[in-house]
Amino acid sequence: MGDLLLVRHGETEWSRSGRHTGRTDVPLTEHGREEARRLAPLVRSHRIGAAFVSPLQRARETAALIGVRDARVDADLCEWDYGGYEGVTTVEIQRERPDWFLFTDGVAPGPPDHPGESPEEVGARADRMLGKVDAALANTEGVVLLVAHGHFLRVLTARRLGLPPQHGALFQLGTGALGRLGTEHGRPVVAGWNVRVPG
């Protein structure tokens, strides 16, 4: 198993205000673009064997700004489908459900085009993506890079480490930040996390 680099997209207006941003295709803020540009030297310091990116514009623009222009677009990298909680903040949700926690409770049902996902459904999607990562790692000498979204990448990290999807809660990942998953003695480990370049 080779290294896996994870990049969360830069800041958006919704991420700045804490609104759950699943399938809503919001752009980066100028600060978010700068966050991405600052990551470029870190990404360039690795030999990228394969790269995948979410189809949402905030991830695709981040990939371009870090210098990765040939990433394969993959819908499995989309953010958690928040269903009825799309665009709503945790504070607003907890006014009605005081003990609500995304990673254990999931989301309220949404409309047919984005009905919402349970933690287990996001975990299954992460497992599919990890299958594609492993196939790419088997055919390259470099690392595999994923450019995607905070909650999804946290669940993917948990699954890579053999943990249930709910344990993604343990891996906070800021906007415009990089994580590296590697191995030690043949076992998956977190080799670097929440790495940012100061502005």
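A few points on the structure. (Residues numbered from 1 in each chain as written. Predicted model: local features only at pLDDT ≥ 70, side-chain atom pairs only at ≥ 80, totals over all residues. Heavy atoms only, no water.)

Bringing the overall build of the protein into the picture now. Of regular secondary structure, the protein possesses 7 helices and 6 strands. A globule of 199 residues ought to have a C-alpha radius of gyration of about 16 Å, and the protein, at 16 Å, matches this closely. By principal-axis analysis of the C-alpha atoms, the protein measures approximately 50 × 35 × 30 Å. Of all intrachain contacts in the protein linking residues separated by at least 6 positions in sequence, the fraction that spans at least 24 positions is 68%. For the protein, the accessible surface area stands at approximately 9100 Å², while carbon and sulfur atoms represent 49% of it. Distance between charge centres in the protein, computed from 24 positive and 26 negative side chains, equals 5 Å. (Helix = DSSP H or I, 4+ residues; strand = E, 2+ residues; numbered from the N terminus. Rg over C-alpha atoms; globule rule 2.2 N^0.38 Å. Contact = heavy atoms within 4.5 Å. Areas by Shrake-Rupley, 256 points an atom, 1.4 Å probe, with all protein chains shown as cover. Lys, Arg positive; Asp, Glu negative; His and termini not counted. Charge placed at Lys NZ, Arg CZ, Asp CG, Glu CD.)

This part takes up the side chain of His9. With respect to the helices and strands, the residue His9 is situated in the loop between β1 (4-8) and α1 (13-17). Residue His9 is classed as buried on the basis of its relative accessible area, which comes to 4%. When residues no more than four places from it in sequence are discounted, the contact partners of His9 are Leu28, Arg58, Ala59, Thr62, Ala148, His149, Thr175 and Gly176. (Buried < 20%, exposed > 50% of the residue type's maximum accessible area, 1.4 Å probe, protein only.)

For the rest of this paragraph, the subject is the nonpolar core. One finds Leu4, Phe52, Trp80, Val144, Leu146, Phe152 and Leu156 to be the most contacted residues of the largest nonpolar core, which totals 30 residues. Residue contributions to this core peak at 7 residues, all from helix α6 (residues 119-138). Those residues within four positions of Leu146 in sequence are excluded, and the remaining contacts are Leu4, Leu5, Leu6, Val7, Phe52, Leu77, Met129, Val133 and Leu156. Counting residues in hydrophobic clusters, the runner-up holds 16 residues, among them Val7, Val43, Val53 and Val68. (Core = buried A, V, L, I, M, F, W, Y, C linked by side-chain atoms within 4.5 Å.)

As a further point, take the side chain of Thr21. Looking at the element boundaries, Thr21 is found in the loop between α1 and α2 (30-44). Of note is the side chain of Thr21, whose polar atom sits 2.9 Å from the backbone oxygen of Arg19. For Thr21, the residues in contact, after removing those within four places along its chain, are Trp14, Ser15, Val26, Arg58, Glu79, Tyr82 and Glu86. (Polar contact = N/O pair within 3.5 Å; in protein donor to acceptor, adjacent residues only side chain to side chain.)

The next subject is the packing of aromatic side chains. Applying the stated rule across the entire model yields 4 aromatic pairs. Seen from their ring centres, Phe171 and Trp193 are 5.9 Å apart, and the 65° between their planes marks the pair as edge-to-face. Within this pair, whereas Phe171 is found in the loop between α7 (150-160) and β5 (178-184), its partner Trp193 is found in strand β6 (residues 187-195), the two being separated by 22 residues in sequence. Classification of Phe171 as buried rests on a relative accessible area of 13%. Among the aromatic residues, ring-to-ring pairing joins Trp80, Phe101 and Phe103 into one connected group. (Phe/Tyr/Trp six-rings, centres within 6.5 Å; stacked < 30°, edge-to-face > 60°.)

In this section: helix α3 (residues 57-65). Three or more residues of α3 are buried, namely Arg58, Ala59, Thr62 and Ala63. End-on, the buried residues of α3 take up no more than an arc of 135°, which puts them together on one face. Looking at the buried residues of α3, the elements they touch are β1, α2, β2 (48-53) and β4 (143-148). Of the residues one or two after α3, Gly67 is the one with positive phi, at around 95°. (Arc of directions from axis to C-beta.)

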